[in-house]
Amino acid sequence: MPELRTETMTVNMGPQHPSTHGVLRLVLELDGETIRSASPTIGYLHTGIEKTAEQKKWQQVIPLVERMDYLSAQSNSMAYCMSVEKLLGLELPQRVKDIRILIAELQRINSHLVWLGTHGMEVGAVSVLFYCLRERELLLNLNERLAGFRFFPSYMRVGGLREDLPRGYLAEARQFLERLPGKMAEYEDLLTKNEIYIRRTKGVGAITREEALSYGLLGPIGRAAGIDYDVRKAYPYLGYETYDFKVPVRTEGDVYARYLLRLDEMRESIKICLQALERIAPVGEYAVADPRITPPPKDRVYTEMEALIQHFLIYSQGFTVPAGEAYVPVEGPRGEQGFTVVSDGTNRPMRVKSRAPSLLACQVLERLIVNGQIADVIAVIGSIDVVMGDVDR
Amino acid sequence: MDANGIAEVLAAALPGVAVEVAPTVDLQSTLYIESEHLLSVLQALRDRAELKFEVLAEMTAVDYWPREPRFEVIYLLISVENRLRLRLKVRLPGNDPHVGTATGLWSSANWLEREIWDMFGIAFDGHPDPRRLLMPEDWEGHPARKDYPVQIRKKPESGSPTQLTAEEFRANLLKDRLVRK
């Protein structure tokens, strides 16, 4: 009897696919439903932000970097500002640090909500998306209050914040934070003990601790695989060491572990936010008192000659940054995030390079899906939480 | 352990390798090494028990054109166990820049090196998959280089392509950069 001949089939998934979170193209070689090889192709969203930044003044880069990882805009701009502040040698007022922590943690909740919703939808629980976007809408409203812009507020500035918090912001943030735990229980009802969800995710796309280290996955994916590393604990910045919170770590390393871990992270973020709300004084400084870097308040610009000159200089020439190189890590929603910022002593950066956690997460995708089932690809892509804007920059 | 401590461990592990300690303003200790010793240094950094840099967190390059040596390749290494952070730098010439690949030591090096090849044209010898990463395969040039055209300020004349001389190009680059002391 002649041997049965089998052929593998090559399938293009993407670049336009609803579950690829942007424009990711996967060339899959299939043997039946099993994936024999996969090769991700990226670069469809490459916009040359890092090159563009070299032509801009230091402050003008902030809106650009916010558009890299478009689900955690304020973490990007905060990481960038902190690298520039390190080069300038600025020490921020305590109130600014507390506000930044509040905003960064709200941003983490925001990003995880979008992740949870889309991931749930992709594995078949469409209602999760609607619930998550309902809560995220409230966060976008908060952003709108903050700066009039819902996705990319550009509220961070080198040396502090653009302006003081708007009236009523803190109360509205507290209202949201008190509402969220009950809503998270609703999401858990939909997924955590859901038989279908568990079958689609448990043991799928698993990675060991050693592999995660080798792939540079410092973030939720690494922590789900047992790497006890969080920049907020390992190298505290902005005074995170004075806040009471835990870093959830799991050891299974599969999709289900990443799901549970991100939910725990959201709970810890709520705790941090509530502590920050206690600390932020209703009025006070919102930026460093350095006339070279911080523009004067508008009422002084309109009434004083010196303030007008200062305003004009900052907005036309910008400020110069001492020559040197800095990289300040922060814990973004997708893991360690930071900007390598190189200055040649002028008013424009010489090089801005983002450490993109999504790029490394996207790189590990091939390792996670090969020899798995084709249906698992969707669950795995969702669980590594890639944002293609951050991958391609 | 600071930069000097790491340099001492390296000197003990690899006699004859010049390690230059550089000042730094942030968390990372900074070391410069010669490009021909790169792989043995990286191996020692990863495997020595007192260092144990098991994560290559970030790689990038900086173009200091027209200075020579023109490029600096930066490796950002993290030791989760020993709570160490290191920025390792290699200087490369502008003419035919190439350096050994770290893909055998860390899996994360694969795409990071491809991105540097794509953006800067720095070759990584022995890389298993030396293709462009972000730009299309048929792209010409390496966009993140400083001499790659980005802003051309020249009045267009109909019928002739916008060509800049080298001097005009350099003047364009420096036009808006303000040095103030």
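Residues numbered from 1 in each chain as written. Chains lettered and ligands numbered in written order. Predicted model: local features only at pLDDT ≥ 70, side-chain atom pairs only at ≥ 80, totals over all residues. Heavy atoms only, no water.

**Examining the overall build of chain A**
- Looking only at helices and strands, chain A features 16 helices and nine strands.
- Relative to a compact globule of 393 residues, whose C-alpha radius of gyration would be 21 Å, chain A shows 22 Å and is just as compact.
- If you line up chain A on its principal axes, its C-alpha atoms span 95 × 45 × 35 Å.
- The buried share of chain A, reckoned over its 393 residues, is 62%.
- In chain A, the proportion of contacts linking residues at least 24 apart, taken out of those at least 6 apart, comes to 69%. (Helix = DSSP H or I, 4+ residues; strand = E, 2+ residues; numbered from the N terminus. Rg over C-alpha atoms; globule rule 2.2 N^0.38 Å. Buried < 20%, exposed > 50% of the residue type's maximum accessible area, 1.4 Å probe, protein only. Contact = heavy atoms within 4.5 Å.)

**Some remarks on the interface of chain B and chain A**
- Listed by partner, the interface residues are 50 residues for chain B and 50 residues for chain A.
- Counting every contact that joins chain B to chain A gives six salt bridges.
- Across the pair Arg87 of chain B and Glu325 of chain A runs a salt bridge, and its minimum N-O distance is 3.2 Å.
- Counting the contacts that link chain B with chain A gives 20 residue pairs in polar contact (both at pLDDT 80 or more).
- Looking at the side of chain B that touches chain A, the element that brings in the most residues is strand S3 (residues 55–63) of chain B, giving nine residues.
- Taken together, the residues of the side of chain B that touches chain A break down into 29 nonpolar, six polar and 15 charged. (Salt bridge = Lys/Arg side-chain N within 4 Å of Asp/Glu carboxyl O. Polar contact = N/O pair within 3.5 Å; in protein donor to acceptor, adjacent residues only side chain to side chain. Nonpolar A, V, L, I, M, F, W, Y, C, P; charged D, E, K, R; others polar.)

**Some details on the packing of helix H6 (residues 169–191) of chain A against helix H11 (residues 255–279) of chain A**
Residues and elements named next belong to chain A.
- Following both chains from N to C, one finds H6 and H11 inclined at 160 degrees, their axes separated by 10 Å at the closest point. By the angle between their axes, H6 is roughly antiparallel relative to H11. Pair H6 / H11 crosses with left-handed handedness. Packed against H6, whose contacting residues are Leu170, Ala173, Arg174, Leu177, Leu180, Pro181, Met184, Tyr187, Glu188 and Leu191, the element H11 presents Tyr259, Leu263, Met266, Arg267, Ile270, Cys273, Leu274, Leu277 and Glu278 at the interface.
- The residue makeup of the contact of H6 with H11, split by class, is 15 nonpolar, no polar and four charged. (Axes fitted to C-alpha atoms, helices over the stretch in contact; angles between N-to-C directions. Parallel < 35°, antiparallel > 145°, perpendicular 65-115°, else oblique. Left-handed = near helix turned anticlockwise from the far one by under 90°.)

**Concerning helix H3 (residues 73–88) of chain A**
Residues and elements named next belong to chain A.
- Compared with the 22 Å implied by 1.5 Å per residue over 16 residues, the 23 Å span of H3 between its first and last C-alpha is a close match.
- For H3, the buried fraction is high: 15 of the 16 residues fall into the buried class.
- Within two residues after H3, Gly89 carries a phi angle of roughly 70 degrees, on the positive side. (Expected span 1.5 Å × (residues − 1).)

**Focus: the packing of aromatic side chains**
All names here are of chain A.
- Inspection of the entire model under this criterion finds 10 aromatic pairs over all chains.
- Measuring from centroid to centroid gives 6.0 Å for Tyr80 and Phe339, while their planes differ by 85 degrees, and the two rings are edge-to-face. Of the two residues, Tyr80 is situated in helix H3 and Phe339 in strand S8 (residues 335–343); the sequence distance between them amounts to 259 residues.
- Residue classification places Phe339 among the buried residues on the basis of a relative accessible area of 0%.
- Look at Tyr240 and Phe245: their rings are 5.9 Å apart centre to centre, the planes differ by 65 degrees, and that puts the pair in the edge-to-face class.
- Taking the relative accessible area as the measure of exposure, Phe245 reaches 3% and is therefore buried. (Phe/Tyr/Trp six-rings, centres within 6.5 Å; stacked < 30°, edge-to-face > 60°.)

**Topic: the sheet that holds strand S2 (residues 29–33) of chain B**
Residue and element names in this part refer to chain B.
- Taken together, the five strands give an open sheet; going across it, the order is S1-S2-S5-S4-S3, and neighbouring strands pair in mixed fashion. Edge positions in the open sheet fall to strand S1 (19–22) and S3, since each of these has one partner strand only. Geometrically, the sheet is characterised by an average inter-axis angle of 25 degrees between neighbouring strands, direction not taken into account.
- Two elements, strand S4 (residues 71–79) and strand S5 (residues 84–92), share nine bridges in a ladder whose sense is antiparallel. Bridge pairing links Leu77 to Leu86 in S5.
- Packing of helix H1 (residues 3–13) onto the sheet brings it into contact with S1, S2 and S5, and relative to S2 it is tilted by some 40 degrees. (Pairing = 2+ DSSP bridges.)

**Considering the pattern of salt bridges**
Residue and element names in this part refer to chain A.
- Considering all chains together, one arrives at 49 salt bridges over all chains under this definition.
- Across the pair Arg334 and Asp385 runs a salt bridge whose closest N-O atoms are separated by 3.7 Å. Linking Arg334 in the loop between strand S7 (330–332) and S8 with Asp385 in the loop between helix H15 (374–384) and helix H16 (388–392), this pair joins segments that are 51 residues apart in sequence.
- On the accessibility criterion, Arg334 (8% relative accessible area) is buried.
- Relative accessible area serves as the criterion here: at 2%, Asp385 is assigned to the buried category.

**Section: the confidence of the model for chain B**
- Overall, the predicted model of chain B reaches an average pLDDT of 85, with 94% of residues at or above 70.
- Note on the complex model: pTM 0.90, ipTM 0.86. (pLDDT = per-residue confidence, 0-100.)

**Considering the pairing of strand S2 (residues 25–31) of chain A**
Residues and elements named next belong to chain A.
- With burial as the criterion, only one face of S2 is covered, namely that bearing Leu26, Leu28 and Leu30; the residues Arg25, Val27, Glu29 and Asp31 on the opposite face remain uncovered.
- Taken together, the five bridges between strand S1 (residues 9–13) and S2 define a ladder with antiparallel strand orientation. By the bridge assignment for S2, Asn12 is matched with Val27.
- Note that S2 and strand S3 (residues 34–41) share seven bridges and pair antiparallel. Each bridged residue has a counterpart across the sheet, and for Leu26 the counterpart in S3 is Pro40.
- Following S2, the chain reverses through two residues before pairing antiparallel with S3; Gly32 in that reversal takes a positive phi of roughly 65 degrees.

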